[in-house]
Amino acid sequence: MRIFKLSESKIHKWSGGTTRELLIYPDGSSFSDRDFELRISIATVEEEETTFTPLENIQRTLLVLEGTQKFQHEGAHAASLKKFDQDSFSGDWTTHCRGTSINFNVMTKTKTRAEVVVKCFDENDIFHKEKPNGVCVIFFWKGSAKVGDQQIDSKEAIVLDRPLEISFQQSSEIVIVNYP
C-alpha cells in the first residue's frame, strides 16, 4: 500500500484554475509527455466560465467534490453536476464549463475508462476491499481512518496492492477509482 498526500503535490495552472496531480500511472510517466495510462488530480475551477484544455486521445471523468458545474460538450451532450455527480467525456471534445467547483479528475489514455465511485461512512464503520485486478486508488476527501497501523486523513489517497480493512475514525467521504 502506498500513501499519497495532496498537500505534497505540485500546483499547476490551467486555463480555468489550478490542479494538483495526486497520482500518475505507471510510475515514471508524465502528464506533459502524455505517456500515462491513468492520471488522477484535484482541480479547482475558479473562473465562472471557461473552456477546458483539449486533451487528444484521453478519456475523462470529472466528479464534483464541492460546488456546481455545467458542461456543454460541443456535438455531444450537456451535464449539470452538483456534489458527487460525475460526467465522463472525451478529451477530444470541445468542452465549455460554467460554475466554480473542486473536481476529482480522472484521465485514462486508452479507450478503457476508470470506474469512479463515492462512498460515505460513519465513525466506527469498517470497509473491506479485496485485492484489485488492476489499479485501485482510494481518495479520502473528508474524514480519517486506520488502515492496518497507518493513519489516513482527509486529502490523502492510498493505492491498494493487497486486500485491506479500513476502520473509519469519523464520518468520511471517499472516492474509489478502479482501473481498468
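Quantities reported herein were computed from a predicted structural model and do not represent experimental measurements.

Reading the values: the criteria
Residues numbered from 1 in each chain as written. Predicted model: local features only at pLDDT ≥ 70, side-chain atom pairs only at ≥ 80, totals over all residues. Heavy atoms only, no water. Helix = DSSP H or I, 4+ residues; strand = E, 2+ residues; numbered from the N terminus. Rg over C-alpha atoms; globule rule 2.2 N^0.38 Å. Contact = heavy atoms within 4.5 Å. Areas by Shrake-Rupley, 256 points an atom, 1.4 Å probe, with all protein chains shown as cover. Lys, Arg positive; Asp, Glu negative; His and termini not counted. Charge placed at Lys NZ, Arg CZ, Asp CG, Glu CD. Pairing = 2+ DSSP bridges. Axes fitted to C-alpha atoms, helices over the stretch in contact; angles between N-to-C directions. Buried < 20%, exposed > 50% of the residue type's maximum accessible area, 1.4 Å probe, protein only. Disulfide = S-S within 2.5 Å. Polar contact = N/O pair within 3.5 Å; in protein donor to acceptor, adjacent residues only side chain to side chain.

Q: Please set out the overall build of the protein residue by residue, giving values where relevant.
A: In terms of regular secondary structure, the protein is built from zero helices and 19 strands. For the protein, the C-alpha radius of gyration of 16 Å lies close to 16 Å, the compact-globule estimate for 180 residues. Viewed in the frame of its principal axes, the protein has a C-alpha envelope of about 45 × 30 × 25 Å. Here the contacts in the protein between residues at least 6 apart in sequence split such that 66% fall between residues at least 24 apart. If you sum the accessible surface of the protein, you get close to 9,000 Å²; carbon and sulfur atoms cover 45% of it. Considering the protein, the positive charge centre built from 22 side chains and the negative charge centre built from 27 side chains are found 1 Å apart.

Q: Tell me what's going on with the sheet that holds strand β8 (residues 78–81), and back it up with residues and numbers.
A: Ordered by their spatial adjacency, four strands build an open sheet running β5-β10-β7-β8, and the pairing between neighbours is antiparallel. Each edge of the open sheet is held by one strand with a lone partner, namely β5 (49–51) and β8. If you compare each strand with its neighbour and ignore which way they point, the axes differ by 15° on average. Of the pairings in the sheet, the one linking strand β7 (residues 69–73) to β8 comprises four bridges and is antiparallel in character. By the bridge assignment, Q69 is partnered in β8 with L81.

Q: I'd like to hear about the pairing of strand β10 (residues 95–98), residue by residue, with values.
A: Of the two faces of β10, only the one carrying T95 and C97 is buried; H96 and R98 on the other face are not. Bridge count between β5 and β10: three bridges; the pairing is antiparallel. In the sheet register, T51 faces β10, and the bridge partner there is H96.

Q: Could you give me a rundown of the environment of V159, with the residues and numbers involved?
A: Position of V159 among the secondary structure elements: in strand β17 (residues 156–159). Once the C-alpha coordinates of V159 and F139 are considered, the two residues, 20 residues apart in sequence, prove to be 8.9 Å apart.

Q: Which residues make up the sheet that holds strand β18 (residues 164–168), and what are the values?
A: Two strands in a sheet stick together by hydrogen bonds in their backbones, pointing the same way (parallel) or opposite ways (antiparallel). Ordered in space as β13-β18-β15-β16, the four strands form an open sheet in which the pairing is antiparallel. In this open sheet, the two strands that pair with only one neighbour each are β13 (126–129) and β16 (150–153). Pairs of neighbouring strands in the sheet enclose a mean axial angle of 25°, with direction left out of account.

Q: Before we move on, could you go through the state of the cysteines and cite the residues and values that matter?
A: One pass over the full model with this rule turns up zero disulfides. In this model C120 remains outside any disulfide bridge; the closest cysteine sulfur is found in C136, 17 Å from its own. Residue classification places C120 among the exposed positions, given a relative accessible area of 52%.

Q: Go over the side chain of S30 with me, naming the residues and quoting the values.
A: Looking at the secondary structure, you find S30 in the loop between β3 (17–25) and β4 (38–45). A polar contact of 3.1 Å, which involves the side chain of S30, links it to the backbone nitrogen of D33. Residues within four places of S30 in sequence aside, it is in contact with I24, D35 and F36.

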